[in-house]
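What the coordinates show
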Amino acid sequence: MADASRRDFLKTLGTACVAIALAPLAEKLALADEVASDKQIPADYDWSKHKWGMAIDVEKCIGCGHCVVACKEENGVPKEPFYFRTWVERYQQYGEETVVDSPNGGYEGFSLENQREEKPDKSFFVPKLCNACEHSPCVQVCPVGATFETPDGAVLVDAEYCIGCRYCIQACPYGTRFLNPITGVADKCTLCYHRIHDGRQPACVENCPTQARLFGDLKDKQGPLNQFLREHKIHVLKPHLNTYPKVFYHGIDKEVR
Ligand code: SF4
Ligand code: SF4
């Protein structure tokens, strides 16, 4: 999608979705239908029948950073380091010590040069992104309702309403938000919300060479995402915070936060 049309789409969608976020529960689905009438969402799209989420198979991630590059290109994320909608961390364990690094968010992959002389006991890569929390602290603290959850499970920011106060950035326990230096408003992963309603995958998922990322519909009980969740041991990040992430990890232990 061209930048201009994507902006128009998000503007239309965002305005309507703020109304959804602020509306009483009974009105939410009716308002969602209004949004769905936007020509870029199929007219027969039923918001109540979907709940989007992602699984990440850490055992498959090779730390190539293709997802980081694809995300920045797809979403116009500033190229400078420190601005990421998704990034990759490397965990290296030396006995009791765990060393975590993420040079430039993993954008160029990971070189072996930074490693110590001794070999780590264990080394693995962990892609990170907005967890699309069911109970999202960012939504709770936004003073103007600019951060909101859609009925199908994404957490978005409406740039028209955001006043750049950074409350959500401080509130996110996963460090997934940043203040966009170009727009001056809060920015974060949207699960590529502009792509998923016509069956396309988020850009990070589409560009992962090892299928370490799996996007899907949690309400599709027989779908690939639920099948993956059933067949693998799954963790979410910081479960003690009761944010109820919709990003699920396979292959991590409690040392990953
Ligand atoms: S991960 Fe952070 S930005 Fe994403 S929904 Fe949760 S609290 Fe909000
Ligand atoms: S593209 Fe896939 S394999 Fe490469 S770093 Fe991202 S998740 Fe890992």
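Up top is the structure.
Basis of the calculations
Residue numbers restart at each chain and count upward from 1, following the sequence in its written direction. Working convention: letters from A go to chains and numbers from 1 go to ligands, in the order in which they are written. For this predicted model, a pLDDT threshold of at least 70 governs which residues receive local features, and a threshold of 80 or more governs which side-chain atom pairs are given and counted, while totals over whole chains, interfaces and linings are taken from all residues. Each side-chain value is derived from all of the structure's non-hydrogen atoms; neither hydrogens nor water enter the calculation. Helix and strand definitions follow DSSP, with helices as H or I runs of at least four residues and strands as E runs of at least two, each counted in order from the N terminus. Categorising residues by exposure relies on relative accessible area from a 1.4 Å probe, with only protein chains included: less than 20% of the type maximum marks a residue as buried, more than 50% marks it as exposed, and the intermediate range marks it as partly exposed. We call two residues contacting when some pair of their heavy atoms lies within 4.5 Å. For the accessible areas, the method is Shrake-Rupley and the probe is 1.4 Å, while residue cover comes only from the protein chains on display. Throughout, the term near means that a residue has one or more heavy atoms lying within 4 Å of the molecule or strand in question. Residues are sorted three ways: Asp, Glu, Lys and Arg are charged, Ala, Val, Leu, Ile, Met, Phe, Trp, Tyr, Cys and Pro are nonpolar, and all the rest, Gly among them, are polar. We treat two strands as partners when DSSP finds at least two bridges between them. Side-chain rings of Phe, Tyr and Trp, where Trp is taken by its six-membered ring, are said to pair if the distance between their centres is within 6.5 Å; with planes under 30 degrees apart they count as stacked, over 60 as edge-to-face, and otherwise as tilted. Helix axes use the C-alpha atoms of the stretch in contact, all axes being lines fitted to C-alpha atoms, and the angles between their N-to-C directions lie in the range 0 to 180 degrees. Each polar contact in these results corresponds to two N or O atoms within 3.5 Å; when the atoms are within protein, one needs to be able to donate a hydrogen and the other to accept it, and residues that are neighboring in sequence are counted only if both atoms are side-chain atoms. In this context, the arc is that of the directions from the helix axis out to the C-beta atoms.

1. Quick notes on the overall build of the protein
Check the secondary structure of the protein and you find 7 helices and 10 strands. Every one of the 257 residues in the protein was classed for burial, and the buried ones make up 51%. Across the protein, every contact between residues at least 6 apart in sequence was considered, and the portion connecting residues at least 24 apart equals 62%. Accessible area for the protein stands at about 12,700 Å²; split by element, carbon and sulfur atoms hold 52% of it.

2. Side note on the site of ligand 1
Inspection of the region around ligand 1 gives 13 residues, with Cys130, Cys133, Cys138, Cys172 and Arg177 positioned closest. Looking at the shell around ligand 1 residue by residue, the classes come out as 8 nonpolar, 3 polar and 2 charged.

3. Looking at the pairing of strand S9 (residues 213-217)
In terms of burial, S9 is largely enclosed, as 4 of its 5 residues are buried. Where strand S1 (residues 52-57) and S9 come together, 5 bridges link them in antiparallel fashion. In the strand pairing of S9, isoleucine 56 is matched with arginine 213.

4. Let's talk about the site of ligand 2
Cys61, Cys64, Gly65, Cys67 and Cys208 are the nearest of the 14 residues found near ligand 2. Tallied by class, the residues present in the shell around ligand 2 amount to 9 nonpolar, 4 polar and 1 charged.

5. As for helix H3 (residues 66-75)
Of all 10 residues making up H3, 7 are buried, and the element is well covered by its neighbours. Glycine 76 lies just past H3 and shows a positive phi near 60 degrees.

6. Considering the packing of aromatic side chains
Going through the model one piece at a time under the given rule, you end up with 5 aromatic pairs. Plain terms: the ring middles of tyrosine 45 and tryptophan 47 are 5.7 Å apart, the flat faces sit at 70 degrees to each other, and that makes the pair edge-to-face. Each member of the pair, tyrosine 45 together with tryptophan 47, is buried. Note on tyrosine 83 and phenylalanine 178: the rings are 5.6 Å apart at their centroids and 50 degrees apart in plane angle, and the pair reads as tilted. In this pair, tyrosine 83 sits in the loop between H3 and strand S2 (86-94) while phenylalanine 178 sits in strand S7 (residues 178-179), placing the two residues 95 residues apart along the sequence. Judged by relative accessible area, tyrosine 83 falls into the partly exposed class, the value being 22%. Among the residues examined, phenylalanine 178 registers a relative accessible area of 6% and is labelled buried.

7. Structural notes on the sheet that holds S1
The 3 strands lie next to each other as S9-S1-S10, forming an open sheet whose pairing is mixed. Looking along the sheet, the strands with just one partner apiece sit at the ends: S9 and strand S10 (247-250). Averaged over all pairs of adjacent strands, the angle between strand axes in this sheet comes to 20 degrees, irrespective of strand direction.

8. Section: the sheet that holds S2
Here we have 3 strands laid out as an open sheet, ordered S3-S2-S4, and antiparallel in their pairing. The sheet is open, and its two edges are formed by strand S3 (97-101) and strand S4 (122-129), each paired on a single side. Neighbour-to-neighbour, the strand axes of this sheet turn through a mean angle of 25 degrees, independent of strand direction. Pairing analysis gives 8 bridges linking S2 to S4, with the strands arranged antiparallel. Bridge pairing links tyrosine 91 to phenylalanine 124 in S4.

9. Some remarks on the environment of histidine 232
Positionally, histidine 232 belongs in the loop between helix H7 (224-231) and S10. Separated by 18 residues in the primary sequence, histidine 232 and histidine 250 have C-alpha atoms spaced 6.6 Å apart. A polar atom in the side chain of histidine 232 sits 2.9 Å from the backbone oxygen of phenylalanine 228.

10. Comments concerning H7
Listing the buried residues of H7 in full gives Leu225, Asn226, Phe228 and Leu229. One side of H7 carries all its buried residues, which in axial view fall inside an arc of 155 degrees. Along H7, exposed side chains directed more than 90 degrees from the buried face belong to Pro224, Arg230 and Glu231. Tucked inside the fold, the buried residues of H7 contact S1, S9 and S10.

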